[in-house]
Every structure is written in C-alpha cells, then in structure tokens.
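Listed below, chain by chain, are the residues.
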Amino acid sequence: MRQKFLLGVVVACVILGLAYLVWIGIRSIWIWISEHRAHRELDEMEAAFVQRRRDRAEALRQRLNNGCEHQFDSQFGTFPDGVCCRCGLSREVPAGPCDHIWQRVAGPVPGSRCEKCGRMHGGMQE
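Residues numbered from 1 in each chain as written. Predicted model: local features only at pLDDT ≥ 70, side-chain atom pairs only at ≥ 80, totals over all residues. Heavy atoms only, no water.

Asks: Can you break down the overall build of the protein residue by residue, with the values?
Replies: A tally of helices and strands in the protein yields one helix and three strands. Ordered by position from N to C terminus, the α and β elements of the protein give α-β-β-β. In terms of overall dimensions, the protein is more spread out than a globule: its C-alpha atoms have a radius of gyration of 35 Å, far above the 14 Å expected for 126 residues. Viewed in the frame of its principal axes, the protein has a C-alpha envelope of about 115 × 30 × 25 Å. Burial analysis of the protein (126 residues in total) assigns 17% to the buried set. Across the protein, every contact between residues at least 6 apart in sequence was considered, and the portion connecting residues at least 24 apart equals 26%. (Helix = DSSP H or I, 4+ residues; strand = E, 2+ residues; numbered from the N terminus. Rg over C-alpha atoms; globule rule 2.2 N^0.38 Å. Buried < 20%, exposed > 50% of the residue type's maximum accessible area, 1.4 Å probe, protein only. Contact = heavy atoms within 4.5 Å.)

Asks: Any details on the sheet that holds strand β2 (residues 111-114)? Residues and values, ideally.
Replies: Strand order in the open sheet formed by three strands is β1-β2-β3, with antiparallel pairing between adjacent strands. Either end of the sheet is taken by a strand with one partner, and the two such strands are β1 (102-105) and β3 (120-122). Strand-to-strand twist in this sheet, taken as the mean axis angle between neighbours without regard to direction, amounts to 30 degrees. As paired elements, β1 and β2 share four bridges and run antiparallel to each other. (Pairing = 2+ DSSP bridges. Axes fitted to C-alpha atoms, helices over the stretch in contact; angles between N-to-C directions.)

Asks: Any details on the side chain of S112? Residues and values, ideally.
Replies: Residue placement: S112 occurs in strand β2. Beyond its immediate sequence surroundings of up to four residues, S112 is in contact with T78, F79, P80, W102, Q103, R104, V105, R119, M120 and H121.

Asks: Explain the layout of surface pockets to me, using residue names and the numbers behind them.
Replies: Estimates place the volume of the largest pocket at around 160 Å³. Residue composition of the lining of the largest pocket, by class: six nonpolar, four polar and four charged. (1 Å grid on protein atoms, 1.4 Å probe; cavity = no way out; pocket = protein on both sides within 12 Å on 5 of 7 lines; lining within 4 Å. Points joined across faces, edges and corners; volume = space filled by probe spheres on them. Nonpolar A, V, L, I, M, F, W, Y, C, P; charged D, E, K, R; others polar.)

Asks: An account of the confidence of the model for the protein is requested, with residue identities and associated values reported.
Replies: The predicted model of the protein averages 87 in pLDDT, with 95% of residues at 70 or higher. Per-element confidence in the protein ranges from a low mean pLDDT of 79 for β3 to a high of 95 for helix α1 (residues 2-64). (pLDDT = per-residue confidence, 0-100.)

Asks: Describe in detail the nonpolar core, supporting the description with residues and values.
Replies: The biggest cluster of nonpolar side chains holds six residues, and these are F79, V83, C85, C98, W102 and C114. With five residues, the next largest nonpolar core counts L64, C84, C87 and I101 among its residues. (Core = buried A, V, L, I, M, F, W, Y, C linked by side-chain atoms within 4.5 Å.)

Asks: Quick one: what's the story with a negative patch on the surface, residue by residue and with numbers?
Replies: Where like charges cluster on the molecular surface, the negative patch consists of E41, D43, E44 and E46. By secondary structure assignment, the location of D43 is in helix α1. (Patch = residues over 30% accessible without salt bridge, like charges linked within 9 Å, V, L, I, M, F, W, Y side chains within 5 Å. Areas by Shrake-Rupley, 256 points an atom, 1.4 Å probe, with all protein chains shown as cover. Salt bridge = Lys/Arg side-chain N within 4 Å of Asp/Glu carboxyl O. Lys, Arg positive; Asp, Glu negative; His and termini not counted. Charge placed at Lys NZ, Arg CZ, Asp CG, Glu CD.)

Here it is, written out as structure tokens:
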C-alpha cells in the first residue's frame, strides 16, 4: 500500500513537472508572438515617421523653390533672422497660421512688413 502511494506521488510529481514545462513553453511562444507583433507595429510606425519627415523636407524644398537664389544673411534688422533678403521667405516655416513673405518698408528706421498678414518687424511701428 505504501509503495503504491509513493509511486502515485512520484508519478503525479512527474506529470505536474511535465505540465509545468509545457505551460512554460506555451507561455514563451505566446510572449514571443506578442513581442513580434509589437516590434512589427513599431517598425511600421517608424517607417511612417521617416516618410512624413521626408515629405515635410520635400515640401520645404518646394516652398523655397521659387526661382530665387536665396541669401539668408543678416540684414541689420530689416528682416527677421533666417529670411531671404531677395524674396522675403524664411528658411524655416514659421509657427502660426501665416507663412510670412516680408517686404521692406521705407522709412528712417529699417523694417519690414508681411504682405499677407501685415505683421511688422523692426522699423517704425504704427
């Protein structure tokens, strides 16, 4: 009787050990699959981000491609920093709703005005 009981305990322990190993294997496969999906989604998001960055850089190049040989030098306060003194476009798209095109304003103090929104830079403020 005692041998049958001990044999039953040993067999139960072996079966539980094998079941635990199967559980660990299934869990590892599930974790691997879910991580693979997450990495694939992250790769897709990264590719979309890189494509948006390229599209934005191309749009910026197209924006500055207006036939002007841009000169973004300092104009002693006439134009804001980073603005072409020939065509009035800024090197970077400014924050806000207006993509300013600056024009010189005649007067005793050098200044400029955006031809789209009327914002002033430098010069005599009205």
